[in-house]
2 protein chains.
Amino acid sequence: MIAPTESELSILGVLWEAGPLTVREVNDVLNRQSSGNGEKPIGYTTTLKIMQLMAEKGLVDRDVSNRSHVYSAAVAQERTQRNLLSRFVDRAFGGSRSELILRALGDGNATTDELQEIKKLIEKLEQDGTE
Amino acid sequence: MIAPTESELSILGVLWEAGPLTVREVNDVLNRQSSGNGEKPIGYTTTLKIMQLMAEKGLVDRDVSNRSHVYSAAVAQERTQRNLLSRFVDRAFGGSRSELILRALGDGNATTDELQEIKKLIEKLEQDGTE
DNA sequence: TTGCAACTACGAAGCAGTTCGTATATATTT
DNA sequence: AAATATATACGAACTGCTTCGTAGTTGCAA
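Rules used in this analysis
- Residues numbered from 1 in each chain as written.
- Chains lettered and ligands numbered in written order.
- Predicted model: local features only at pLDDT ≥ 70, side-chain atom pairs only at ≥ 80, totals over all residues.
- Heavy atoms only, no water.
- Least-squares fit on C-alpha atoms with pLDDT ≥ 70 in both.
- Contact = heavy atoms within 4.5 Å.
- Core = buried A, V, L, I, M, F, W, Y, C linked by side-chain atoms within 4.5 Å.
- Buried < 20%, exposed > 50% of the residue type's maximum accessible area, 1.4 Å probe, protein only.
- Helix = DSSP H or I, 4+ residues; strand = E, 2+ residues; numbered from the N terminus.
- Near = heavy atom within 4 Å.
- Polar contact = N/O pair within 3.5 Å; in protein donor to acceptor, adjacent residues only side chain to side chain.
- Nonpolar A, V, L, I, M, F, W, Y, C, P; charged D, E, K, R; others polar.
- Buried area = accessible area lost by both parts, 1.4 Å probe.
- Salt bridge = Lys/Arg side-chain N within 4 Å of Asp/Glu carboxyl O.
- Phe/Tyr/Trp six-rings, centres within 6.5 Å; stacked < 30°, edge-to-face > 60°.
- Lys NZ or Arg CZ within 6 Å of the ring centre and 35° of its normal.
- Pairing = 2+ DSSP bridges.
- Axes fitted to C-alpha atoms, helices over the stretch in contact; angles between N-to-C directions.
- Parallel < 35°, antiparallel > 145°, perpendicular 65-115°, else oblique.

1. With respect to the relation of the copies chain B and chain A
Then comes step 1: When chain B is fitted to chain A, the best match, at an RMSD of 0.2 Å, comes from turning it 180° and sliding it 0.1 Å along the axis. Read as a symmetry element, the transformation amounts to a two-fold axis. The C-alpha atom lying nearest the rotation axis in chain B is that of Ile101 of chain B; the distance is 3.0 Å.
Then comes step 2: Of all interface residues in chain B, 100% are interface residues in chain A too; the two copies therefore contact each other through one and the same surface.

Below, the structure is given as structure tokens:
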């Protein structure tokens, strides 16, 4: 599976969130997101180009039946996140998932509800592993 | 803080693991690691160049008192991992740490011991949060 | 129908990271 | 002392990603 680059990922993020969109719409969302910070807006043709390349790579599908092409994510969010995560764990944590989790938890930003949810998942995993 | 690139990170990994080393030693470790896979070995001057740039960036310190310079990590592993993690969570999980943790746990590769350790940490966090 | 706005397509510049050849200096071996 | 091995330094090529200008097309409004 092809790993999306930085900007490809941000575009996928928009498509995952909002469903099929035109280049114009994606570009608007991205610029709405990054305004407020001092970042300069992304040019329309820049977004267009990247989305065209994404279509070639199979990261998005596009519907060409209208003048404004409509793009949709061709890769599932969960699967993509798993892939990225796996690569990241290898790169930054020597392949140790639990090291990463400990580090993420240690950052002290999780809410009680989140902790609860995670604990529940762990208990489920323990059961599956012990039986 | 400066985020290390891919190859910089792999070099830091070696230095974190083994302590201060020469370029030759680092290069050997890297090539020992990546042999076995079909990957072609990293040239000595490539590693040298990267480590020189790292020294300029302040990612490593170097001791020039001998002919073979000795490099050591100038950034702590934990701090660096935290930084990378934070960036990664933003890029791939829309900033949600707990999403990432759930995804990491869901991959089903954690051992019982690891789960135990994580659970302990969660309970500690819960106590801290509730008091 | 003429002109303006919005779209796609595409080439090319720009940039960061990586890789390597080569020049040069310094040890070590014979 | 000469030859050989091993260092550093550095420029330059190469790669992948991003960014943009511009040309050409299509729809819409005056």
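Read on, since the account is not over.
2. Quick notes on the nonpolar core
Then comes step 1: The biggest cluster of nonpolar side chains holds 32 residues, and the ones touching the most others in it are Leu100 and Leu105 of chain A together with Leu100 and Leu105 of chain B.
Then comes step 2: Elements with a minimum of two residues in this core: helix 4 (77-93), helix 5 (97-106) and helix 6 (112-130) of chain A together with helix 4 (77-93), helix 5 (97-106) and helix 6 (112-130) of chain B.
Then comes step 3: Contacts of Leu105 of chain A, omitting those with residues within four sequence positions, involve Leu115 and Ile118 of chain A together with Ile101, Ile118, Leu121, Ile122 and Leu125 of chain B.

3. Notes on the protein's contact with DNA strand C
Then comes step 1: Close to DNA strand C lie 19 residues; Arg24, Tyr44 and Gln52 of chain A together with Thr5 and Ser7 of chain B are nearest.
Then comes step 2: Looking at DNA strand C alone, sugar and phosphate atoms form 60% of those within 4 Å of the protein.
Then comes step 3: A distance of 3.1 Å separates a phosphate oxygen of DNA strand C from a polar atom in the backbone of His69 of chain A.
Then comes step 4: A distance of 3.4 Å is found between a phosphate oxygen of DNA strand C and a side-chain nitrogen or oxygen belonging to Thr46 of chain B.
Then comes step 5: In terms of residue count, the dominant contributor to the surface near DNA strand C is helix 3 (residues 44-57) of chain A (five residues).
Then comes step 6: Taken together, the residues of the surface near DNA strand C break down into two nonpolar, nine polar and eight charged.

4. Remarks on the interface of chain B and chain A
Interface size is often expressed as the accessible area that is lost when the parts come together.
Then comes step 1: Taken together, the 34 residues of chain B in the interface contact 34 residues of chain A.
Then comes step 2: Of the roughly 4100 Å² buried between chain B and chain A, counting both surfaces, carbon and sulfur atoms make up 65%.
Then comes step 3: Sorting the residues of chain B by area buried against chain A places Gln81, Arg91 and Arg103 of chain B first, and these three jointly supply 15% of that buried surface.
Then comes step 4: The salt bridge involving Glu78 of chain A is made with Arg103 of chain B; its shortest N-O contact spans 3.5 Å.
Then comes step 5: When residues of the side of chain B that touches chain A are traced back to their parent elements, those giving at least two are helix 1 (6-18), helix 4, helix 5 and helix 6 of chain B.

5. Some points on the packing of aromatic side chains
Then comes step 1: Applying the stated criterion across every chain yields a total of three aromatic pairs over all chains.
Then comes step 2: Aromatic side chains Phe88 of chain A and Phe88 of chain B sit 4.2 Å apart centroid to centroid with 10° between the ring planes, which places their arrangement in the stacked category. On the criterion of chain membership, the pair formed by Phe88 of chain A in helix 4 and Phe88 of chain B in helix 4 is interchain, its members lying in two chains. Across the pair, exposure class does not vary: Phe88 of chain A and Phe88 of chain B are buried alike.
Then comes step 3: Over the ring of Tyr44 of chain A we find Arg24 of chain A; its NZ or CZ atom is 4.1 Å from the centre of that ring.

6. Some details on the sheet that holds strand 1 (residues 21-22) of chain B
All names here are of chain B.
Then comes step 1: Strand order in the open sheet formed by three strands is 1-3-2, with antiparallel pairing between adjacent strands. Pairing within the sheet leaves two strands with one partner each, and these edge strands are strand 1 and strand 2 (60-63).
Then comes step 2: When strand 2 meets strand 3 (residues 70-73), the two strands line up antiparallel, connected through four bridges. In the sheet register, Arg62 faces strand 3, and the bridge partner there is Tyr71.
Then comes step 3: Contacts between helix 3 (residues 44-57) and the sheet are confined to strand 2 and strand 3, with strand 2 contributing the most and set at about 105° to the helix.

7. With respect to the packing of helix 1 (residues 6-18) of chain A against helix 2 (residues 23-34) of chain A
The relative placement of two packed helices is expressed as an angle between their axes plus a distance between the axes.
Residues and elements named next belong to chain A.
Then comes step 1: It is the contact of helix 1 with helix 2, at a shortest axis distance of 10 Å, that shows an interaxial angle of 105°. In terms of orientation, helix 1 lies roughly perpendicular with respect to helix 2. Residues Ser10, Ile11, Val14 and Leu15 of helix 1 form the contact with helix 2, whose participating residues are Val26, Val29, Leu30 and Gln33.
Then comes step 2: Tallied by class, the residues present in the contact of helix 1 with helix 2 amount to six nonpolar, two polar and no charged.

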